[in-house]
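Observations on the model geometry
Next come the chains, spelled out residue by residue.
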Amino acid sequence: MEQVKCLIIGGGPAGYTAAIYASRANLSPVLYEGSQPGGQLTQTTEVENFPGYPEGTQGFDLVEDIKKQALRFDADIRNGAVTKVDFSRRPFVVEIDGSHTIEAQAVIIATGASAKYLGLDDEKKYAGRGVSACATCDGFFYRKKRVAVVGGGDTACEEAVYLAGLAEKVFLIVRKPFLRASKVMQDRVFATPNIEVLFEHQTLGLGGTDGVESASLVYRKGEADERRVEIKIDGFFLAIGHHPNTEVFGKYIETDEAGYIKTQMPSTRTNVEGVFAAGDVADPNYRQAITAAASGCKAAIDLERFLGSL
Ligand code: NDP
C-alpha cells in the first residue's frame with residue numbers, strides 16, 4: 001500500500017496553500033483535488049478582494065496560480081476523490097475513487113463546500129436544462145434570455161449582476177423583505193436596470209416542456225394578501241448558500257449541526273489527532289478565498305509540528 005507523510009484532501013485555495021507550506025517543509029505532500037479541481041473559485045468571475053492583485057483577477061486564474069506555486073515546490077497533485085476513510089487508527093487509511101488505497105501519517109481535510117438547492121423535484125427534473133447553481137459557468141447560455149436567481153446574499157446579488165450583463169431580464173427572488181448582501185452589492189443590484197427584485201417571494205415549482213420556461217412563485221406566503229405569481233424564464237439559478245463536504249468523514253470527524261468541521265481554535269486540529277481541517281469545510285463564518293488560504297497555511301504548520309512531535 002502507498003504510504004505518505006502528509007495527505008491533503010481537496011484542491012481549492014486551502015488545499016493548495018497547505019501543499020505550498022508542506023512541500024517547503026519537505027513533507028512531500030500528496031494532494032487529491034476531488035471532483036471539482038480548483039473549488040468554488042473556478043465558478044466565480046472577478047476577484048477584487050484577494051491581496052496582491054491591485055487590479056483584481058479571475059477566480060480561475062487565482063486558484064490556478066496557487067496550484068502552480070505548490071507544483072513549483074514539487075507537491076504531488078493528483079486527480080481523484082476520497083471515497084472512504086478509516087481514521088480509527090494511525091497511519092490513517094484513505095481510499096481514492098473506490099480503488100486506490102493510501103496510508104497517511106497525517107491528513108488535512110480541505111474539501112470545501114457545495115451549493116445548496118431548494119429541494120424541489122423540479123430542480124432535478126430540469127437539471128442541466130435550465131437549472132443551475134453557477135451563473136458564471138452557465139450564464140453564457142442565457143444571452144438575451146430571461147433568468148431568475150434565488151437568494152438574497154452576496155452570492156445571489158453577484159450572480160444577478162453578472163447575469164444582467166448577458167440576459168435580457170433577471171428576476172432576483174428573495175424570501176425576506178430585504179437583502180442580506182453587503183451594502184455595495186445591494187447598491188449594484190438596485191443600480192442595474194434589468195434586475196427586478198421580487199421581495200417576499202418563494203418558489204413553488206418550475207414549468208416547461210424541454211427545458212425551463214416558467215417559475216411559479218408565491219408572494220407573502222401565509223399572509224392575508226398571499227398570491228400566486230408566474231414568471232416567464234429560461235434559466236433558474238440557485239444562490240442560497242452552501243453545505244460543507246464532510247459526508248465521507250462520517251463518524252470519525254466531529255462537526256457542528258450544519259456539518260462544518262469543528263476545529264480546536266485557534267489551531268486547525270480536529271477531534272482526531274493528526275487530522276486537520278482548513279478552508280470552507282471548517283468555516284461557516286468567513287468563507288473567503290483569503291481566509292481559506294490562510295487556514296491552509298495554518299493546517300500545514302500544525303501538521304508539521306504534529307509529525308515533529310511523534
Ligand atoms: P448567505 O448564507 O449569505 O445567503 C444565502 C441567501 O439565500 C440568503 O438571502 C437566504 O435567505 C437565502 N436562502 C437560503 N435558503 C433559502 C431557501 N430555502 N429559499 C429561499 N432563499 C433561501 O450565502 P452566500 O452564498 O450569499 O454568501 C456566503 C458567504 O460568502 C457570505 O458571508 C458572503 O458575504 C460571502 N460572499 C462574499 C462575496 C464577496 O465578498 N465578493 C461574494 C459571495 C459571497 P435569508 O436571508 O432569508 O436567510
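Read on for an overview of the structure. (Residues numbered from 1 in each chain as written. Predicted model: local features only at pLDDT ≥ 70, side-chain atom pairs only at ≥ 80, totals over all residues. Heavy atoms only, no water.)

1. Concerning the site of the ligand
Rules: Put simply, a residue is near a molecule or strand once any heavy atom of it comes within 4 Å of that molecule or strand. In protein, a polar contact means a hydrogen-donor-capable atom and an acceptor-capable atom, both N or O and within 3.5 Å, with residues adjacent in sequence counting only if both atoms are side-chain atoms; elsewhere, any N or O pair within 3.5 Å suffices. Using the Shrake-Rupley algorithm and a 1.4 Å probe, accessible areas are obtained, with residue cover drawn only from the displayed protein chains. Think of it this way: any DSSP run of H or I at least four residues long counts as a helix, any run of E at least two long counts as a strand, and we number them from the N terminus. For this scheme, ten residues count as nonpolar: Ala, Val, Leu, Ile, Met, Phe, Trp, Tyr, Cys and Pro. Four count as charged, namely Asp, Glu, Lys and Arg, and the remainder, Gly too, count as polar.
Around the ligand sit 17 residues, and of these Gly152, Asp154, Thr155, Arg175 and Arg180 come closest. Note that an oxygen atom of the ligand is positioned 3.3 Å from one of the backbone N or O atoms of Gly153. Starting from 910 Å² of accessible surface for the ligand in isolation, the protein chains cover 75%. Tallying contributions element by element places helix 5 (residues 154–164) first for the shell around the ligand, with three residues. In the shell around the ligand, the residues fall into three nonpolar, eight polar and six charged.

2. What about the side chain of Ser216?
Put simply, the rule is: Only protein chains enter the area calculation, which uses a 1.4 Å probe; residues under 20% of their type maximum are buried, those over 50% are exposed, and those in between are partly exposed. Here a residue-residue contact requires only that any non-hydrogen atoms of the pair lie within 4.5 Å.
The residue Ser216 is located in strand 15 (residues 214–219) in this model. Ser216 sits in the buried class, given a relative accessible area of 15%. Here Glu230 takes part through its side chain, which lies 3.0 Å from a polar atom of the side chain of Ser216. Setting aside residues no more than four positions away along its own chain, Ser216 makes contact with Gln202, Thr203, Leu204, Gly205, Arg228, Val229 and Glu230.

3. Focus: the packing of helix 5 against helix 6 (residues 183–190)
Just so we agree on the cut-off: Lines fitted to C-alpha atoms define the axes, with helix axes restricted to the stretch in contact, and inter-axis angles between N-to-C directions lie between 0 and 180 degrees. Handedness of a crossing follows from how the near helix is turned relative to the far one, being left-handed for an anticlockwise turn of less than a right angle and right-handed for a clockwise one.
The geometry of helix 5 relative to helix 6 is characterised by a closest axis approach of 9 Å and an angle of 35° between their N-to-C directions. Every pair of crossing elements has a handedness; the one defined by helix 5 and helix 6 is left-handed. Packed against helix 5, whose contacting residues are Asp154, Cys157, Glu158 and Val161, the element helix 6 presents Met185, Arg188 and Val189 at the interface. A class-by-class count of the residues in the contact of helix 5 with helix 6 yields four nonpolar, no polar and three charged.

4. Brief notes about helix 7 (residues 289–308)
One full turn of an α-helix is made of 3.6 residues, so residues set three or four places apart face in the same direction. To be explicit about the condition: In this scheme, a helix's expected span is set at 1.5 Å multiplied by one less than its residue total.
Between its first and last C-alpha atoms helix 7 spans 29 Å; for 20 residues at 1.5 Å apiece the expected length is 28 Å, and the two agree. Among the residues of helix 7, Ala289, Ala292, Ala293, Ser295, Gly296, Cys297, Ala299, Ala300, Asp302, Leu303, Phe306 and Leu307 are the ones counted as buried.

5. Here's the deal with helix 5
The cut-off we apply is this: The arc under discussion is defined with respect to the helix axis, by the directions toward the C-beta atoms.
Turning to helix 5, its buried residues number three or more, namely Ala156, Cys157, Glu159, Ala160, Leu163 and Ala164. Within helix 5, the buried residues cover an arc of 165° as seen down the axis, which keeps them to one side.

6. A few points about the sheet that holds strand 16 (residues 227–232)
To keep it simple, the criterion reads: Between any two strands, pairing holds if DSSP finds at least two bridges.
The strand order across the open sheet formed by three strands is 14-15-16, and the pairing between neighbours is antiparallel. Each edge of the sheet is formed by a strand with only one pairing partner; in this case those strands are strand 14 (201–207) and strand 16. Going across the sheet, the axis of each strand differs from the next one's by a mean of 25°, ignoring polarity. Taken together, the six bridges between strand 15 and strand 16 define a ladder with antiparallel strand orientation. In the strand pairing of strand 16, Ser214 is matched with Lys232.

7. Thoughts on the side chain of Thr270
Within the element layout of this structure, Thr270 appears in the loop between strand 18 (242–244) and strand 19 (275–277). Of the residues examined, Thr270 reaches a relative accessible area of 3% and is grouped as buried. A polar atom in the side chain of Thr270 sits 3.1 Å from the backbone nitrogen of Val272. There is a polar contact of 2.8 Å between the side chain of Thr270 and the backbone oxygen of Val275. Filtering out sequence-adjacent residues up to four positions away, Thr270 remains in contact with Ile253, Ile261, Lys262, Gln264, Val275, Phe276 and Ala277.

8. A short note on the layout of surface pockets
A probe matching the size of a water molecule, rolled over the atoms, marks out where space remains unfilled. Using the following cut-off: Put plainly, a pocket is an open set of points on a 1 Å grid over the protein atoms alone with protein on both sides within 12 Å along at least five of seven lines, a cavity is a set where a 1.4 Å probe fits but cannot get out, and a lining residue has an atom within 4 Å of a point. Grid points are joined across faces, edges and corners, and a volume is the space filled by probe spheres set on the points.
Each pocket or cavity is described by its volume, and for the second largest pocket that value is around 400 Å³. For the second largest pocket, the lining is made up of 22 residues, of which Thr263, Met265, Ala282, Asp283 and Tyr286 are closest to its centre. In terms of residue count, the dominant contributor to the lining of the second largest pocket is helix 7 (five residues). Each residue belonging to the lining of the second largest pocket can be placed in one class, and the counts come to eleven nonpolar, seven polar and four charged.

9. Here we look at the sheet that holds strand 17 (residues 235–238)
An order of 10-17-11-12-13 is seen for the five strands of this open sheet, with the pairing classed as parallel. In the strand order of this sheet, the two ends are held by strand 10 (131–132) and strand 13 (195–199), each with one partner. In this structure, strand 12 (residues 169–174) lies alongside strand 13, joined through five bridges in parallel fashion. The residue bridging Leu172 from the neighbouring strand is Val197, located in strand 13.

10. What to know about the nonpolar core
The condition that has to hold: By nonpolar core is meant a set of buried Ala, Val, Leu, Ile, Met, Phe, Trp, Tyr and Cys residues that side-chain atoms within 4.5 Å join together.
By size, the foremost hydrophobic cluster in this structure holds 32 residues, and its most contacted members are Ile8, Leu62, Ile108 and Leu303. Listed by contribution, the elements that provide at least two residues to this core are strand 1 (2–9), helix 1 (13–24), helix 2 (59–72), strand 8 (100–109) and helix 7. With eight residues, helix 7 is the largest single contributor of residues to this core. Once residues lying within four places of it in the same chain are set aside, the contact partners of Leu303 are Cys6, Leu27, Ala106, Val107, Ile108 and Phe276. Leu7, Val82, Ile96 and Phe249 belong to the second largest nonpolar core, which has 24 residues in total.

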